[in-house]
Amino acid sequence: MKENIVIIGGGIAGLEAAGQLLKLGYSPIIIERTERLGGHVASWHRLFPDMSPAKELVDGLVAAASGANIFLNTEISFVNRLKDSYNIMLSNGISIITRIMLVTTGFSVFDASKKEEYGYGVYDQVITNRDLEHWFNGNADPRIDNSAMNAVGFVHCVGSRDEKARNSQCSKVCCITAVKQAIEIRQKFPEASVYCFYMDLRMFGKKYEDFYINAQRDYGIRFIRGRVSEVSENIEGKVVIKAEDTLSGKPVKVTLDLLVLMAGMVCSQASSRVAGMIPLPTDSDGFLKSKDNVYGVVESPKEGIFYAGACTGPKTVPEALAEARAAALDVHLFINGLK
Amino acid sequence: MDFGFRISPSSAINLDNVDLTLFERLHEMEPDVYKCMACGSCSATCPASVYSGMSIRKVILCLQRGREKEAFRMMKNCMLCGKCTMVCPRGINTRHLILSISKLYSETK
Ligand SMILES: Cc1cc2nc3c(=O)[nH]c(=O)nc-3n(C[C@H](O)[C@H](O)[C@H](O)COP(=O)(O)OP(=O)(O)OC[C@H]3O[C@@H](n4cnc5c(N)ncnc54)[C@H](O)[C@@H]3O)c2cc1C
Ligand code: SF4
Ligand code: SF4
Ligand code: SF4
């Protein structure tokens with residue numbers, strides 16, 4: 001019997017898993033709630049640490065997955081548990097019987113307006129990492145276009161490592177994203193002073209530390225250890241930020257033309273909704289819970305249901321892709337086991 | 001009227017008023033100066049540190065915060081023994097850096 005494989009989420013993890021499953025001879029179904037494939041990465045411009053174009057990656061993944069049965073603008077309405085399978089009802093009225101689901105629903109960018117002290121949505125000169133990435137991609141943004149760009153600041157850990165924001169986790173990708181975006185700002189505006197306000201710099205990945213040294217030595221990015229405590233606007237319409245320079249133990253203040261908040265990664269509501277229908281458990285960090293966080297990251301606690309990518313926690317692109325390949329192999333082995 | 005207490009001058013650093021022209025010249029001469037990651041190895045190994053408070057880490061920081069006087073006060077105690085250079089994990093030639101700072105900042109004073 002031909003097994004249906006339902007991939008929920010057409011981001012890079014879902015696409016890569018579909019591409020691998022097609023190569024293995026299966027015909028997976030991708031369900032994507034938005035009108036386009038590629039997830040978050042489709043909105044990014046260049047990827048750390050080599051500044052490779054995000055568009056090329058996404059185009060390649062979409063091409064490799066084009067043989068799959070793809071439903072765009074489609075969500076899951078409900079899931080019924082049958083004897084040894086699931087009946088999935090889609091928002092377009094189609095229903096699918098399956099024993100295998102791969103959840104690749106990804107993450108959400110933390111809503112920076114919840115950190116009221118940073119003034120996102122209140123002051124015109126305050127934007128997020130996502131806004132800046134859109135602007136790098138050629139989308140006009142008056143907040144950036146109208147800014148003098150003499151002094152630009154980056155605030156790390158916005159909505160991460162913050163119990164008040166109900167997320168005590170580190171979002172993992174924002175330190176290196178800040179380094180990348182700070183370099184890009186200096187490349188575009190060589191005269192600008194660029195500051196990064198950090199608590200710790202988490203440069204865990206391949207070549208990240210080199211990228212950081214590059215930012216310091218060759219681009220003169222000024223790294224200041226201390227969390228920004230408040231942001232206000234002055235009469236000229238610039239933003240004034242306050243922090244402690246914890247290395248000298250003194251309060252520090254600076255006036256900026258643009259402030260970029262490094263909003264973190266949190267579990268998306270769309271992920272939680274799907275998880276609630278199956279149902280799948282949530283881990284203590286708010287993301288979907290794997291069977292085991294060491295040897296079973298791409299397996300859910302439920303037989304036949306697998307994960308890949310940022311739905312189980314903050315991931316980089318190469319990590320999400322590696323998990324997608326691992327999950328495709330697990331699906332293949334699971335189907336072999338059914339025979 | 002004397003209330004028996006007074007407010008001490010603000011110790012806050014206002015980066016808007018810090019003139020980094022000299023530091024940028026230093027950066028041109030010693031590109032590695034920006035590589036310091038404030039690990040403190042240099043100060044921990046410095047024989048002058050325990051007695052005089054000399055710390056090349058703090059010197060680098062002070063120069064970037066417009067606190068040159070404080071930096072010079074510390075640097076006076078350096079014996080140029082070079083131990084800090086041997087331990088710096090970022091490969092900064094701190095001994096050479098100290099000489100460059102002395103040269104550049106005294107020239108322009
Ligand atoms: C500002 C920023 C910059 C970044 N830059 C880099 C970088 O340079 N390099 C790097 O390695 N990583 C980077 N990352 C991390 C990268 O974005 C993630 O690793 C990647 O997006 C994870 O892919 P994913 O497919 O797991 O999730 P997502 O990209 O979130 O994709 C999930 C997809 O599933 C869909 N979906 C969700 N729920 C449902 C549902 N219920 N039904 C149907 N569809 C659903 C979504 O619409 C989306 O298309 C960055 C992250 C941020 C925040
Ligand atoms: S990666 Fe860096 S900026 Fe992001 S949450 Fe972790 S420490 Fe903070
Ligand atoms: S060269 Fe100067 S700063 Fe370095 S260890 Fe010797 S005395 Fe200390
Ligand atoms: S040892 Fe090097 S990197 Fe560490 S604080 Fe000293 S100068 Fe900076």
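To start, this report covers the structure provided alongside it.

Thresholds, definitions, all that
- Within any chain, residue numbers begin from 1 and follow the written order of that chain's sequence.
- Written order decides the labels, with chains lettered from A and ligands numbered from 1.
- Reporting of local features is limited, given that this is a predicted model, to residues whose pLDDT is at least 70; pairs of side-chain atoms are given and counted only at 80 or more, and all residues count toward the totals for whole chains, interfaces and linings.
- Side-chain measures were taken over the full set of non-hydrogen atoms in the model, leaving aside hydrogen atoms and water.
- In short, DSSP must find at least two bridges between two strands for them to pair.
- For helices the rule is a DSSP run of H or I covering at least 4 residues; for strands it is a run of E covering at least 2, with both sets numbered from the N terminus onward.
- The axes are straight lines fitted to the C-alpha atoms, using for helices just the contacting stretch, and the angles between their N-to-C directions are given from 0 to 180°.
- A helix is expected to span 1.5 Å multiplied by its residue count minus one.
- When a residue's accessible area, from a 1.4 Å probe over protein chains only, is under 20% of the maximum for its type it is buried; when over 50% it is exposed; and in between it is partly exposed.
- Whether two residues touch is decided by their heavy atoms; if any such pair falls within 4.5 Å, the residues are in contact.
- Crossing handedness: left-handed means the near helix sits turned counterclockwise from the far one by under a right angle, and right-handed means the same turn made clockwise.
- Polar here means any residue other than Ala, Val, Leu, Ile, Met, Phe, Trp, Tyr, Cys and Pro, which are nonpolar, and Asp, Glu, Lys and Arg, which are charged; Gly is therefore polar.
- Planes of paired rings set the category: under 30 degrees apart is stacked, over 60 is edge-to-face and the rest tilted, where pairs are Phe, Tyr or Trp rings (Trp by its six-membered ring) whose centres lie within 6.5 Å.
- Here, proximity means that at least one heavy atom of the residue falls within 4 Å of the molecule or strand.
- As used in this structure description, the phrase polar contact means that two N or O atoms lie within 3.5 Å; if the pair is within protein, one of them must be able to donate a hydrogen and the other to accept it, and residues adjacent in sequence are counted only when both atoms belong to side chains.
- In this document the domain limits rely on a domain assignment from an automatic tool or a database.
- Roughly parallel here means an angle under 35 degrees, roughly antiparallel means over 145, roughly perpendicular means 65 to 115, and every remaining angle is called oblique.
- A pair is scored as a salt bridge if a Lys or Arg side-chain nitrogen falls within 4 Å of a carboxyl oxygen belonging to Asp or Glu.

### With respect to the sheet that holds strand 8 (residues 95-98) of chain A
Residues and elements named next belong to chain A.
Next up, step 1: Judged by pairing direction, the sheet is antiparallel, and its three strands sit side by side in the order 6-7-8 without closing on themselves. Two strands bound the open sheet, and with one partner strand each, they are strand 6 (76-81) and strand 8. Between one strand axis and the next, the sheet turns by 20 degrees as a mean value, whatever way the strands run.
Next up, step 2: As defined by bridge partners, strand 7 (residues 86-90) adjoins strand 8 across four bridges and the pair is classed as antiparallel.

### A short note on helix 8 (residues 317-338) of chain A
Note: α-helices contain 3.6 residues per turn, so residues at a spacing of three or four share the same orientation.
Residues and elements named next belong to chain A.
Next up, step 1: The terminal C-alpha atoms of helix 8, which comprises 22 residues, lie 32 Å apart, in line with the 32 Å expected from a rise of 1.5 Å per residue.
Next up, step 2: Here helix 8 has its buried residues at V317, A320, L321, E323, A324, A327, A328, V331, H332, F334 and I335.
Next up, step 3: Buried residues along helix 8 sit against strand 1 (5-8), helix 1 (12-23), helix 2 (54-64), strand 9 (100-103) and strand 20 (305-307).

### Considerations on the packing of helix 5 (residues 174-188) of chain A against helix 6 (residues 208-217) of chain A
All names here are of chain A.
Next up, step 1: At a minimum axis distance of 10 Å, the contact between helix 5 and helix 6 shows a crossing angle of 40 degrees. Where helix 5 crosses over helix 6, the handedness of that crossing is left-handed. Here I176, V179, K180 and I183 of helix 5 come into contact with helix 6, specifically with Y208, F211, Y212, N214 and A215.
Next up, step 2: Its residues assigned to classes, the contact of helix 5 with helix 6 comprises seven nonpolar, one polar and one charged.

### Observations concerning the packing of aromatic side chains
Residue and element names in this part refer to chain A.
Next up, step 1: On inspection of all chains with the given rule, the structure shows ten aromatic pairs over all chains.
Next up, step 2: Judged by centre distance (6.4 Å) and plane angle (20 degrees), the ring pair of W135 and F189 falls under stacked. You can see W135 sitting in helix 3 (residues 129-136) and its partner F189 sitting in the loop between helix 5 and strand 13 (193-198), a full 54 residues away along the chain.
Next up, step 3: Judged by relative accessible area, W135 falls into the buried class, the value being 14%.
Next up, step 4: Note on F189: relative accessible area 25%, which makes it partly exposed.
Next up, step 5: Pairwise contacts between aromatic rings join F48, F204 and Y208 into one cluster.

### Some points on the site of ligand 4
Next up, step 1: Residues in contact with ligand 4, as listed here, are C36, M37, A38, C39, G40, S41, C42, R57, C88, P89 and T94 of chain B.
Next up, step 2: Looking at the shell around ligand 4 residue by residue, the class counts come to seven nonpolar, three polar and one charged.

### Overview of the site of ligand 1
All names here are of chain A.
Next up, step 1: Close to ligand 1 lie 32 residues; E32, H40, A310, K315 and V317 are nearest.
Next up, step 2: A distance of 3.1 Å separates an oxygen atom of ligand 1 from a polar atom in the backbone of A13.
Next up, step 3: For ligand 1, an oxygen atom lies 3.5 Å from a polar atom in the backbone of T104.
Next up, step 4: In terms of residue class, the shell around ligand 1 is built from 15 nonpolar, 13 polar and four charged.
Next up, step 5: If you count residues domain by domain, the shell around ligand 1 takes at least three from each of domain 1 (5-106 + 268-335) and domain 2 (109-264).

### Details of the pairing of strand 15 (residues 230-233) of chain A
Next up, step 1: One ladder, built from four bridges, connects strand 15 of chain A with strand 16 (residues 239-245) of chain A; its direction is antiparallel. The residue bridging E233 of chain A from the neighbouring strand is V239 of chain A, located in strand 16 of chain A.

### Digging into the packing of helix 5 (residues 68-75) of chain B against helix 7 (residues 94-107) of chain B
Residues and elements named next belong to chain B.
Next up, step 1: At their nearest, the axes of helix 5 and helix 7 sit 12 Å apart, and the two run at 125 degrees to each other. Viewed along their axes, helix 5 and helix 7 adopt a mutual orientation that is oblique. For the pair helix 5 and helix 7, the sense of crossing is left-handed. Only I98, I101, S102 and Y105 of helix 7 make contact with helix 5, whose side of the interface consists of E68, F72 and M75.
Next up, step 2: When its residues are assigned to classes, the contact of helix 5 with helix 7 shows five nonpolar, one polar and one charged.

### Remarks on the sheet that holds strand 18 (residues 258-263) of chain A
All names here are of chain A.
Next up, step 1: Taken in spatial order, the five strands make up an open sheet running 11-18-12-13-14, and their pairing is parallel. Strands at the two margins of the open sheet, each flanked by one partner only, are strand 11 (126-128) and strand 14 (222-225). Adjacent strand axes in the sheet meet at a mean angle of 25 degrees, parallel and antiparallel pairs treated alike.
Next up, step 2: Where strand 13 meets strand 14, four bridges bridge the pair, whose relative direction is parallel. What sits directly across from Y195, in strand 14, is R222.
Next up, step 3: Helix 3 rests against strand 11, strand 12 (151-158) and strand 18 of the sheet, and its axis sits at about 80 degrees to strand 11.

### Details of the pattern of salt bridges
Side chains carrying opposite charge are able to pair once their charged atoms draw close together.
All names here are of chain A.
Next up, step 1: Counting across every chain of the model gives 27 salt bridges over all chains.
Next up, step 2: The partner of E184 in a salt bridge is R46, and the shortest N-O contact between them spans 3.4 Å. Of this pair, E184 sits in helix 5 while R46 sits in strand 3 (residues 46-47), and the two are 138 residues apart along the sequence.
Next up, step 3: Judged by relative accessible area, E184 falls into the buried class, the value being 2%.
Next up, step 4: With a shortest N-O distance of 3.2 Å, D131 and R143 are connected by a salt bridge.

### Structural notes on unusual backbone geometry
All names here are of chain A.
Next up, step 1: In this model, F48 is joined to P49 through a cis peptide bond whose omega is -5 degrees.
Next up, step 2: Inspection of the secondary structure puts P49 in the loop between strand 3 and strand 4 (52-53).
Next up, step 3: Of note, the bond from I278 into P279 is cis; its omega dihedral lies within 30 degrees of zero at -15 degrees.
Next up, step 4: Residues other than glycine seldom take positive phi values, yet M149 does so here, at roughly 60 degrees.
Next up, step 5: The backbone phi angle of K172 is positive, close to 70 degrees, even though this residue is not glycine.
Next up, step 6: Along the polypeptide, K172 turns up in the loop between strand 12 and helix 5.
Next up, step 7: Note on K172: relative accessible area 24%, which makes it partly exposed.

Structural measurements only, silent on function.
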